[in-house]
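Each chain, letter by letter, is given below.
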Amino acid sequence: MPEAHQYLIDTAVAAVVDGCESEAVAELAGSESDNPFVIDAAIERAIGEERLGPLLQVDLGIVATRRFARDVLEGRLDERELTRWVHTRFHHEAEADILNQLAELDDDFDLANGARDTGRVRARVREAADAVLREGVP
């Protein structure tokens, strides 16, 4: 299971342990799915069940991208996991150029030939992650 998904599942487990009674949160906590659409759907249901929608004035995908970018820079998340998550979530159609750049870097991982090329892509991902934290994502 991709590491990014595991963060979301771990957060749901912590919420259940803390007494959250949402069925969607419990479903996410017990998820073993590696399908990002299943996880995203459980998150959306949890937001609805807990009536959090009005409190969320930003796209959760942007919030998660910032968290994952920080985790990459601090060595807790692999660069490829960040690009794969952004590519799956936003494709190449995000309004923010930095998100489209991360999606393109996921494609670059696919095209990388050997450790040297992969190392270059990883360095560019780290630069983009730094930009996400420094400049934000509109």
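Computed from a predicted structure; not experimentally measured. (Residues numbered from 1 in each chain as written. Predicted model: local features only at pLDDT ≥ 70, side-chain atom pairs only at ≥ 80, totals over all residues. Heavy atoms only, no water.)

1. Some thoughts on helix H5 (residues 79–90)
Along its 12 residues, H5 runs 17 Å from first to last C-alpha, staying within 8% of the 16 Å computed at 1.5 Å per residue. Across the 12 residues that make up H5, a large majority, 9, are buried. Every buried residue belonging to H5 is among Glu79, Arg80, Glu81, Leu82, Thr83, Trp85, Val86, His87 and Phe90, and all of these are buried. Of the residues flanking the start of H5, the one acting as N-cap is Asp78, its side-chain oxygen 2.9 Å from the backbone nitrogen of Arg80. (Helix = DSSP H or I, 4+ residues; strand = E, 2+ residues; numbered from the N terminus. Expected span 1.5 Å × (residues − 1). Buried < 20%, exposed > 50% of the residue type's maximum accessible area, 1.4 Å probe, protein only. Polar contact = N/O pair within 3.5 Å; in protein donor to acceptor, adjacent residues only side chain to side chain.)

2. Topic: the pattern of salt bridges
Opposite charge on two side chains lets them pair, provided their charged atoms get close. Per the stated rule, a full pass over the model turns up 14 salt bridges. The closest approach of N and O atoms between Asp71 and Arg76, which form a salt bridge, is 2.5 Å. Residue Arg76 is classed as partly exposed on the basis of its relative accessible area, which comes to 42%. Of the charged contacts, one joins Arg124 and Asp108 as a salt bridge, the two residues approaching to 2.9 Å between their closest N and O atoms. Placement of the pair is Arg124 in helix H7 (residues 114–135) and Asp108 in helix H6 (residues 97–111), with a sequence separation of 16 residues. Of the residues examined, Arg124 reaches a relative accessible area of 39% and is grouped as partly exposed. Among the residues examined, Asp108 registers a relative accessible area of 22% and is labelled partly exposed. Bridged by salt links that share partners, the residues Arg67, Asp71, Glu74 and Arg76 form one connected network. (Salt bridge = Lys/Arg side-chain N within 4 Å of Asp/Glu carboxyl O.)

3. Re the packing of H5 against H7
Two elements in contact, H5 and H7, have axes separated by 9 Å at closest approach and are oriented at 65°. Remark: the crossing between H5 and H7 carries left-handed chirality. Residue-level inspection shows Glu79, Arg80, Leu82 and Thr83 of H5 in contact with H7, the latter providing Arg122, Val125, Arg126 and Ala129. Of the residues in the contact of H5 with H7, the class split is 3 nonpolar, 1 polar and 4 charged. (Axes fitted to C-alpha atoms, helices over the stretch in contact; angles between N-to-C directions. Left-handed = near helix turned anticlockwise from the far one by under 90°. Contact = heavy atoms within 4.5 Å. Nonpolar A, V, L, I, M, F, W, Y, C, P; charged D, E, K, R; others polar.)

4. Some remarks on H6
With 15 residues, H6 ought to run about 21 Å at 1.5 Å a step, and its terminal C-alpha atoms sit 21 Å apart, in line with that. Among all positions of H6, only Ile98, Leu99, Asn100, Leu102, Ala103, Leu105, Asp106 and Phe109 are buried.

5. Considerations on the side chain of Asn100
Mapped onto the secondary structure, Asn100 falls in helix H6. For Asn100, the side chain forms a polar contact with the main-chain oxygen of Ala94, separated by 2.9 Å. Setting aside its immediate chain neighbours within four residues, Asn100 contacts His91, His92, Glu93 and Ala94.

6. Here we look at the confidence of the model for the protein chain
In low-pLDDT segments, the atomic positions of the prediction should not be examined closely. A residue-level look at the protein chain finds 86% of positions with pLDDT of 70 or above and a mean pLDDT of 84. Mean pLDDT per element in the protein chain: helix H3 (residues 36–49) is the minimum at 76, and H6 is the maximum at 95. (pLDDT = per-residue confidence, 0-100.)

7. Overview of the packing of aromatic side chains
One pass over the structure, following the stated rule, counts 2 aromatic pairs. A centroid spacing of 5.1 Å and a plane angle of 80° characterise the contact between Phe68 and Trp85, whose relative ring orientation is edge-to-face. One end of the pair, Phe68, is in helix H4 (residues 60–73); the other, Trp85, is in helix H5, and 17 residues separate them in sequence. Between Trp85 and Phe90, the ring centres sit 6.2 Å apart and the planes meet at 80°, which makes this aromatic pair edge-to-face. (Phe/Tyr/Trp six-rings, centres within 6.5 Å; stacked < 30°, edge-to-face > 60°.)

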